[in-house]
Structure formats: structure tokens, C-alpha cells
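Architecture at a glance
These are the residues of each chain, in order.
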Amino acid sequence: MSSQDCIVAISNSGESSRLLKQIEGAKKKGIKVIAITNHSESPLALLADYHIKTAFRQRVFSLNIIFRELLLCQ
């Protein structure tokens, strides 16, 4: 890979040490990094050149449980 390339890194927490080491290596080569995480202040998001924040998985999971319970109550 070279500075002409980019990496898209996807991580729920943005804290995986293994992923962060790989991204740090890519950044040293001048490779642009796009991170997709749940946390804007995560180490991965802060290291990336661009960040896309996703919905919180826990919130989606909780809403799914509530919806399922509502269906069961009918």
C-alpha cells in the first residue's frame, strides 16, 4: 500500500489495540484512514483522517427488545 491508497476501518468501540497498531502503521506510510465507529472520541476516530459515527448498538438492541415485548403483550 502507498500514500495513493486509503483504508476503511470499522470498529464498534474504536479501541482494538490490534487494529490501532495496523492503522498507525498505515498512517506512517501516508495512507488516508476512514474510521467508522460508535464513538467520536475513540482512539480510532481520533487517529483517522475522516470519521463516520454510527448509531449506538446498545440503543438499537434495547429498542428491539422493547418492540418485541410490545408485540408479545398484544
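Look up: the structure comes first, before these words.
Values in this document were obtained by computation on a predicted structure and should not be read as measured data. (Residues numbered from 1 in each chain as written. Predicted model: local features only at pLDDT ≥ 70, side-chain atom pairs only at ≥ 80, totals over all residues. Heavy atoms only, no water.)

What about the overall build of the chain?
The test is simple: The helix count covers DSSP runs of H or I at least four residues long, the strand count covers runs of E at least two residues long, and both are numbered beginning at the N terminus. Note on classification: 1.4 Å probe, protein chains only; a residue is buried when its accessible area is under 20% of the maximum for its type, exposed when over 50%, partly exposed between these limits. Whether two residues are in contact is decided by their heavy atoms, any of which lying within 4.5 Å being enough. Method for areas: the Shrake-Rupley scheme with a 1.4 Å probe, in which residue coverage is limited to the protein chains shown.
Counting its secondary structure elements, the chain contains three helices and three strands. The 74 residues of the chain split such that 23% are buried. Across the chain, contacts joining residues at least 24 apart in sequence account for 46% of those joining residues at least 6 apart. As displayed, the chain has an accessible area near 5600 Å², and 57% of this comes from carbon and sulfur atoms.

Some details on the sheet that holds strand β2 (residues 32–37)
Heads up, the condition is: Whether two strands pair comes down to DSSP finding at least two bridges between them. Axes, fitted as lines to C-alpha atoms, cover a helix only where it is in contact. Angles between the N-to-C directions of the axes lie from 0 to 180 degrees.
Taken in spatial order, the three strands of this open sheet run β1-β2-β3, and their pairing is parallel. Each edge of the open sheet carries a strand with a single partner, namely β1 (6–10) and β3 (50–53). Neighbour-to-neighbour, the strand axes of this sheet turn through a mean angle of 15°, independent of strand direction. Judged from the four bridges that link them, β2 and β3 form a sheet pairing that is parallel. Residue pairing for β3: I36 is matched across the bridge by I52. In the packing of helix α1 (residues 17–28) onto the sheet, the strands contacted are β1 and β2, and the crossing angle to β1 comes to about 165°.

As for the environment of A45
Along the chain, A45 falls in helix α2 (residues 43–47). Residues A45 and G14, 31 residues apart in the sequence, show an inter-C-alpha distance of 6.7 Å. Beyond its immediate chain neighbours, meaning those up to four positions away, A45 contacts A35, T37, H39, S40 and H51.

Some remarks on the environment of L19
Within the element layout of this structure, L19 appears in helix α1. When the C-alpha atoms of L19 and A9 are compared, they prove to be 8.0 Å apart, with ten residues separating the residues in sequence. Residues contacting L19, with those up to four places away along its chain left out, are A9, I10, S11 and L44.

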